[in-house]
Each structure stands twice: as C-alpha cells, then as structure tokens.
Amino acid sequence: MKSIILVPLVSGLTFFFAPSSHARIYDLYRADYPKGAFCSVIGGACSADLTLTNSFFENPASAANRKNADWDFDADYEGSSNLEPGMKGTNSVVESTFMGGVVYNFGEWGGGFAFSGYLNSINSQVSISDSQNITHEIPVLTQANNFSLNVPVGKELSAGTWVGASFFSNLYTQSISVFDNSGASHNSSGLALGFSVGAIHQINSQFSIGSWFKSPATNYLSLSVSKSQQGTTLAYSEDIALHYPWILAGGLSYKPTHSRNEFFFDLDLVGPTANGSQLTYDTFSAAINQTVIRNKGQYAIIEPRLGYRRPLFDHDRGTLHAGTYLETSRWEGLPSRLHLTGGISYFAREWLELLGGADVANNFFQLFLTFR
C-alpha cells in the first residue's frame, strides 16, 4: 500500500497518488553480495573451496573440513562508493560492509556463526511536479542498512565428503530524510529468515567439487515521511517487499600435481523476483511523477565465476589471489559487466593472515581488507 501527497501551501492545491492494493516488490540481489574477502578476491568461485571460513557465507559443508585447521576466524571490511547499475550517477553514495565469524571443527562435525552488515548512505536530489506542474527540487538522504546472521553446521559423511546446512536471518532497516535532511523520517525495519544447504566432495588430490543452495527470503516493511519546508508539505507512505532470490551454485577446484597453483570455477544460478523492481532509495519520486520504475530481477540468470590462487614465494607466508566474474544483468535495458578481482595475503603470524584486494568493473570499485 502506498500513498503520496505533495501540497503547495501557498496555492492550496494538492497532488495525490492513489493507494495501490499491494506492496511494491524490489529485487535486492547484487553479484557483489557479502561472501567474505577471501572468497570475493577469487571472483566468488568458492563452491568447492575447502577453507573453513568458506562456510560463513558460501558453502556450509566446509565447516566440517579439518584438513587445514581445527578452527578459524575471519573479520572483513569492504568499502565502495557506488551501488549497482541503474542508480543515478549524480547520487552521492557511501557503502561500508563489515563481516566476521568463528568456526570450530571437532571430529566429524563442525560449526560456528558469522555476521555481516552493510551500511548505505545515499544523498540525492529528486524532482517532483505538483498539480500545477511546478517542479520542486527536493534533497533526500536515505540510510539503508542490512544485517545478517549465519549459523553453519557441517558433518563429514566419509573420507573426502562433507555436507552442511546453515540458518540465516536478515534484518533490513531504512530511513528517509527530506528537504533539510533533519531526520524527519520514519525508521522502518523488517526481518527475513532462511536457510542454505551444501556439499563438497574431494575426488582426489587434484579435484574437488561442491554445490550449495540458498533459499529465498523477503523483508516486509512500511516507510512513511511527513515534512513541511518553505511552503511545501511532502507526505509519503509505502508498504514494500524486499526480496532476495534463491541461489544455486556449483563449482570445481583443481590443483595440478606438483604445482602450487590452484584454480576455481563456479556457475551460479540466481532465481527470479516476480514483478521485481529496482530500489534506488528515492523511488518514491517516480511514483509521484508517474514515471516508470526500472524492472529488475524478473528472470533467472547464470553468473560464471573464475578464481586463481598460488603462493607468492618459495614459502607459504604470502599468497596471490585473482579472479573474474560476469555480473549478468538483472536490470531492464542495461548490459552485463565483467569484474576483475585480485589481492595479496600474508601471514604476519602463524595464526594471523592479512589480505588486501579489490573488485573492479565499469563504474564500480570495491576495496577488501581482512584478517583471519
């Protein structure tokens, strides 16, 4: 349900956007969703990665693998100055992502917990025309935050075969401030629950295969803004559904005999969002002006991902990571784009590995900083 009123107090005329009978559905999938920096830096091709921390955000089956260690931890920071295709280029966007977790393996079982949160701050200018066709330029500040908790559990079925499952919860909060960005907005939040399952099988010393599935999840929330400034009142309310589609990933890792190189290949199938639209954080201006909101995610897509890893030196203290993936377009009328990823990690201590890296694409840059 949504209703929007723009009232020029001087003229006494009112513009009214009639309520709809259902919430608008927004597709929130992005190919750069939080995976943990050690996964993102190899292009997100982690379905068959045996590293324990892979269980935090990708394949929960890896929580049961104790080939590398009995326990592991991870803390990540990712920073970006842009969001996704279709966003207005004039918007000022700051996004920060924080992730962390601990996993412990005991015998045939392993488990842990991990959290992630990405914080968005978007400054924009929206043009709104009232019933007299007078255009008002309104500054808007949107704060949109997403917090997730993952609880992975894995079990070793037999030598070289692991399965796992994870419960996750997503909490989404959003607030909108208009005119003078004084915080005259209604804060709203919605909670979504879901699960993921996965499996990894080590075929031999060279090849491993893996696959995982993540269920869809939807946050429901209501937004409303009411503010008067310089003779104009803006009243806005909307019920929205924020949908995360299901993901089915499958992949292969390959480490040639007598070689220190390791290669990863993934194919990710991402489900559709029925009647999905793009959330631009100032979408309400399109409703007032009766302009079309871009469709997003209305069809399933396939995203190929490639990764590479090798020690930098004769010893194992430094490691080179690289990857690439195709961000297949979910946005109506916009092309796909190719991402390049890369970074270097270094063991500052026997138990502490540091990593710095980046994800680069057309009109996109993301920085990775992490330790585990």
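J.: It is not clear to me how the overall build of the protein should be interpreted in this structure. Could you clarify?
T.: Along the protein, the regular secondary structure elements total two helices and 19 strands. Of all 372 residues assigned to the protein, the portion counted as buried reaches 55%. Contacts in the protein between residues far apart in sequence, at least 24 positions, make up 64% of those at least 6 positions apart. Surface summary for the protein: the accessible area is close to 15,800 Å², and the carbon and sulfur share equals 61%.

J.: Just to check I follow, could you spell out the pattern of salt bridges for this structure?
T.: For side chains bearing opposite charge, pairing can occur when the charged atoms are close. For the structure shown, the criterion picks out twelve salt bridges. Across the pair R30 and D32 runs a salt bridge whose closest N-O atoms are separated by 2.6 Å. Residue class for D32 comes out buried when judged on its relative accessible area of 8%. Where R372 meets E353, a salt bridge forms, and the shortest distance between an N and an O atom there is 3.2 Å. Remark: E353 occurs in strand β18 (residues 352-361) and R372 occurs in the segment after β19 (364-371); sequence separation between them is 19 residues. Through salt bridges with shared partners, one network takes in D27, E84, K296 and R330.

J.: Please clarify how the packing of aromatic side chains should be interpreted in this entry.
T.: The relative placement of two aromatic rings is captured by the distance of their centres and the angle of their planes. Enumeration over the complete set of coordinates arrives at eleven aromatic pairs. Relative to Y33, the ring of Y29 has its centre 5.9 Å away and its plane inclined at 50°; by these criteria the two rings are tilted. Comparing Y29 with Y33, the two get one shared label, buried. Over the ring of Y33 we find K35; its NZ or CZ atom is 3.9 Å from the centre of that ring. A cation sits over an aromatic face here: K214 above F168, 4.7 Å from the ring centre.

J.: Is there a simple way to explain empty space enclosed by the protein in this structure?
T.: Rolled over the atoms, a probe sized like a water molecule indicates the empty space that remains. What the rule picks out here adds up to five cavities of 30 Å³ or more. Looking at the largest cavity, its volume works out to about 510 Å³. What lines the largest cavity is a set of 32 residues, among which Y33, P34, Y118, K214 and Y244 lie closest to the centre. Of all elements in the fold, only β5 (92-106), β6 (109-129), β7 (135-158), β8 (161-178) and β10 (207-214) reach the threshold of two or more residues within the lining of the largest cavity. Classifying every residue of the lining of the largest cavity gives 15 nonpolar, nine polar and eight charged.

J.: Quick question: what am I supposed to make of the confidence of the model for the protein here?
T.: The predicted coordinates ought not to be read in detail in places where the model reports low pLDDT. Across the protein, the average pLDDT comes to 83, with 82% of residues at or above 70. Note on residues 1-21: pLDDT is under 50 here. Beyond four places in sequence and across chains, it has 67 contacts.

J.: Sorry, what's going on with unusual backbone geometry here?
T.: Negative phi is the rule for most residues except glycine; trans is the rule for most peptide bonds. Positioned with a positive phi, H258 is a non-glycine residue whose angle comes to about 60°. Of note in the backbone geometry, N363 takes a positive phi value of approximately 60° without being a glycine. If you trace the backbone, N363 turns up in the loop between β18 and β19. For N363, a relative accessible area of 62% puts it in the exposed group.

J.: What should I look at first to understand the state of the cysteines in this one?
T.: By definition, a disulfide links two cysteine residues through a covalent bond between their sulfur atoms. Applying the stated criterion to the full structure yields one disulfide. The disulfide bridge from C39 ends at C46, spanning 2.1 Å between sulfur atoms. Disulfide C39-C46: the torsion about the S-S bond is 130°, which places it as right-handed. Accessibility expressed as a relative area gives 1% for C46, which makes it buried.

J.: How should I be thinking about the side chain of D32 in this particular structure?
T.: In this structure, D32 sits in the loop between β3 (24-27) and α1 (37-40). Within polar-contact distance, the side chain of D32 engages the side chain of R30 at 2.6 Å. Those residues in contact with D32 that lie beyond four places of it in its chain are Y325, F364 and Q366.

J.: Quick question: what am I supposed to make of the environment of F347 here?
T.: Mapped onto the secondary structure, F347 falls in strand β17 (residues 337-349). In this structure the C-alpha to C-alpha distance between F347 and G318, which are 29 residues apart in sequence, comes to 6.5 Å. Excluding residues that lie within four positions of it along the chain, F347 makes contacts with D316, R317, L352 and E353.

J.: Help me understand the side chain of S169, please; the structure alone is not making it clear to me.
T.: Considering the arrangement of structural elements, one finds S169 in strand β8. For S169, a relative accessible area of 14% puts it in the buried group.

J.: How do you make sense of the pairing of β8 when you look at a structure like this?
T.: Every regular strand shows the same layout, with side chains that alternate between the two sheet faces. In terms of residue burial, β8 counts as a mostly covered element, since 13 of its 18 residues are buried. Looking at chain direction, β7 and β8 are connected through 18 bridges and run antiparallel. Bridge assignment links V153 to a residue of β8, and that residue is A165. Here β7 folds back onto β8, and the loop between the two strands holds two residues, one of which, G160, carries a positive phi near 90°.

J.: Could you clarify how one ought to interpret the environment of F365 in this entry?
T.: Looking at the element boundaries, F365 is found in strand β19. In the structure, F365 is positioned 284 residues away from S81 in sequence and 7.2 Å away in space, judged by C-alpha atoms.

J.: Mind showing me how you'd approach the nonpolar core here?
T.: A general feature of soluble globular proteins is that nonpolar side chains tend to end up buried together. Ranked by internal contacts, the top residues of the largest apolar core, which has 24 residues, are Y172, L242, L279 and Y281. At the level of elements, β6, β7, β8, β11 (217-229) and β12 (232-244) are the ones that each hand at least two residues to this core. Core analysis: the next-biggest nonpolar cluster, separate from the first, contains ten residues, A37, V41, L355 and F368 among them.

Rules used in this analysis
Residues numbered from 1 in each chain as written. Predicted model: local features only at pLDDT ≥ 70, side-chain atom pairs only at ≥ 80, totals over all residues. Heavy atoms only, no water. Helix = DSSP H or I, 4+ residues; strand = E, 2+ residues; numbered from the N terminus. Buried < 20%, exposed > 50% of the residue type's maximum accessible area, 1.4 Å probe, protein only. Contact = heavy atoms within 4.5 Å. Areas by Shrake-Rupley, 256 points an atom, 1.4 Å probe, with all protein chains shown as cover. Salt bridge = Lys/Arg side-chain N within 4 Å of Asp/Glu carboxyl O. Phe/Tyr/Trp six-rings, centres within 6.5 Å; stacked < 30°, edge-to-face > 60°. Lys NZ or Arg CZ within 6 Å of the ring centre and 35° of its normal. 1 Å grid on protein atoms, 1.4 Å probe; cavity = no way out; pocket = protein on both sides within 12 Å on 5 of 7 lines; lining within 4 Å. Points joined across faces, edges and corners; volume = space filled by probe spheres on them. Nonpolar A, V, L, I, M, F, W, Y, C, P; charged D, E, K, R; others polar. pLDDT = per-residue confidence, 0-100. Disulfide = S-S within 2.5 Å. Polar contact = N/O pair within 3.5 Å; in protein donor to acceptor, adjacent residues only side chain to side chain. Pairing = 2+ DSSP bridges. Core = buried A, V, L, I, M, F, W, Y, C linked by side-chain atoms within 4.5 Å.

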